[in-house]
Amino acid sequence: MKDKLGFIGLGNMGLPMSINLLRAGYEVYGFDTNAKAMEQFIAEGGNGLATSQAVVKQSEVIMTSLPTPQVVEHVYTSEDGILQHAKQGSLLIDFSTVNPELNDSLHKKAQSLGLRYLGAPVSGGVIGAINATLTIMIGGEEKDYQSGVGIFEIVGKNIFHLGTSPSVGTRIKLLNNLMIGFYTQAVAETIVLGESMGVAADTLYEVLSNSYGQSRIYERNYLEYMKNENYEPGFSTNLLLKDLRLAKNMADEAGVPLLIGEQLVNLYNDISAEGFGENDMSAAYLSLKEKCMM
Ligand code: NAD
């Protein structure tokens, strides 16, 4: 018999991931604080429950995809949280992007309670979550990874078990998002400068996507968002800012100066303060455009 699954955090990523698990024939119990997310989950055949505690009590594998480290910590460690109520032996999989120390401390607490924990941040965006093509960066014990691999193969495509440290996947994920921050701003600056000289954004894309200026982020930000003038996230500016701050903290601890990375934290902080925080990160383009005398 298949394990019963719990999914807490049915947002831009969690909802399509949980839908793929439902379609694979799993019984999935879900909770989100947002009523609309719950409605969508139930409409897809999910068992929507009123609290995360209720989800945990029903499930043998409990997954989370939550916005910030603070929310993750609360959902795992509060009185009515996952650690307090999960059944002995349950497997906990956190897909959220958090600080590495949180992965390590949740793993330790889980172990002391007879629970199993994997840190498993993902990359590939909402499209990757919908199409089950996510890259998953997993840290944790081999036997726990083996218990979860069937699930990873349903929600993702490129699955990396990177070692027994619960935070090893997160460290690599934060490096990935540091690159995303660089590229997102580079794409914005390149297109705005091109347009200021009369180079149409479509022409620029056609040429640069066949040149070394090509990147996955250029393709994503331009084709999916900027070209359609659609800035609904996707991946919000605020979530990118969170990850850049986490990457910066990681670099500070390692004693590595991030010359551009440091600027990026300030830059996306400003973009968020200008009112683009809940827009897709590609709105870096709109922010720059507003500053131009075009
Ligand atoms: P999101 O904000 O769309 O979804 C998070 C969901 O968590 C929301 O629906 C929210 O209502 C819910 N939530 C908040 N507090 C809760 C609580 N206490 N209990 C239950 N639910 C709660 O965010 P997202 O874009 O889906 O991202 C989720 C995680 O995945 C983040 O850590 C993000 O950094 C990471 N991530 C996102 C993307 C992306 O492209 N969006 C890609 C890779 C990784």
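Residues numbered from 1 in each chain as written. Predicted model: local features only at pLDDT ≥ 70, side-chain atom pairs only at ≥ 80, totals over all residues. Heavy atoms only, no water.

**Some details on the site of the ligand**
Operational definition: Nearness is judged by heavy atoms alone; a residue qualifies as near a molecule or strand once a single heavy atom is within 4 Å of it. Pairs of N or O atoms are called polar contacts if they sit within 3.5 Å, as long as, within protein, a hydrogen donor faces a hydrogen acceptor (for residues adjacent in sequence, only side-chain-to-side-chain pairs). All accessibility values rest on the Shrake-Rupley procedure with a 1.4 Å probe; residue burial counts only the protein chains present in the view. Strands here mean DSSP runs of E at least two residues long; helices mean DSSP runs of H or I at least four residues long; both are numbered from the N terminus. As a working rule, the residues Ala, Val, Leu, Ile, Met, Phe, Trp, Tyr, Cys and Pro are called nonpolar, Asp, Glu, Lys and Arg charged, and the rest polar, with Gly in that last group.
With respect to spatial proximity, 26 residues lie near the ligand, and among them Asn12, Met13, Asp32, Leu66 and Lys242 are the closest. Between the ligand and Leu66 there is a distance of 2.8 Å, counted from an oxygen atom to a backbone nitrogen or oxygen. In this structure, an oxygen atom belonging to the ligand sits 2.8 Å away from a side-chain N or O atom of Lys242. Coverage of the ligand by the protein chains reaches 86% of its 830 Å² of free accessible surface. Residue contributions to the shell around the ligand peak at three residues, all from helix 12 (residues 237-254). A class-by-class count of the residues in the shell around the ligand yields twelve nonpolar, ten polar and four charged.

**Regarding the UniProt feature "active site" (unreviewed entry) in the protein chain**
Quick note on the threshold: UniProt positions are given in the numbering used here, feature names are shortened, and annotations may be inferred rather than shown by experiment. The rule is simple: take the accessible area with a 1.4 Å probe, protein chains only, and divide by the maximum for that residue type; under 20% is buried, over 50% is exposed, in between is partly exposed. By the convention used here, residues are in contact when the closest approach between their heavy atoms is within 4.5 Å.
UniProt's entry tags Lys173 with the feature "active site" (unreviewed entry), counted in the numbering of this structure. Along the chain, the position of Lys173 falls in helix 9 (residues 168-196). A residue is classified by how much of its surface remains accessible, and Lys173, at 6% relative accessible area, is buried. Setting aside residues up to four positions removed in sequence, Lys173 forms contacts with Thr97, Pro121, Val122, Ser123 and Met137.

**Thoughts on helix 1 (residues 14-23)**
The element helix 1 is extensively covered by neighbouring structure, given that nine of its ten residues are classed as buried. Among all positions in helix 1, only Gly14, Leu15, Pro16, Met17, Ser18, Ile19, Asn20, Leu21 and Leu22 are buried. Directly after helix 1, the chain includes Gly25, whose backbone phi takes a positive value near 95 degrees.

**A closer look at unusual backbone geometry**
The omega torsion across Pro233 and Gly234 is 20 degrees, close enough to zero to call that bond cis. For Gly234, the location among the structural elements is in the loop between helix 11 (216-226) and helix 12. Residues other than glycine seldom take positive phi values, yet Ala132 does so here, at roughly 55 degrees. Secondary-structure assignment places Ala132 in the loop between helix 7 (125-131) and strand 8 (134-138). Despite not being glycine, Glu229 shows a phi value in the positive range, around 50 degrees. On the secondary structure map, Glu229 appears in the loop between helix 11 and helix 12. A residue is classified by how much of its surface remains accessible, and Glu229, at 68% relative accessible area, is exposed.

**Points about the side chain of Ser236**
Along the polypeptide, Ser236 turns up in the loop between helix 11 and helix 12. Residue contacts for Ser236: discarding those within four places in its chain leaves Gly277, Glu278, Asn279, Asp280 and Met281.

**Some thoughts on the pairing of strand 2 (residues 28-31)**
Rule in force here: Think of it this way: DSSP has to see at least two bridges between two strands before they count as a pair. Note on handedness: a crossover is taken as right-handed if, strands pointing away from the viewer, the path from the first strand over the helix to the second is clockwise.
Both faces of strand 2 are covered, namely the face carrying Val28 and Gly30 and the face carrying Tyr29 and Phe31. Inspection of the sheet shows strand 1 (residues 5-8) paired to strand 2 by four bridges, in the parallel sense. Counterpart to Gly6 in the pairing with strand 2 is Tyr29. Each parallel crossover has a hand, and the one from strand 1 via helix 1 to strand 2 is right-handed. Pairing between strand 2 and strand 3 (residues 47-48): two bridges, direction parallel.

**Side note on the UniProt feature "domain: 6-phosphogluconate dehydrogenase NADP-binding" (unreviewed entry) in the protein chain**
The UniProt record annotates "domain: 6-phosphogluconate dehydrogenase NADP-binding" (unreviewed entry) at residues 4-163. The distance separating the terminal C-alpha atoms of residues 4-163 is 26 Å; by composition the span is 46% helix and 22% strand.

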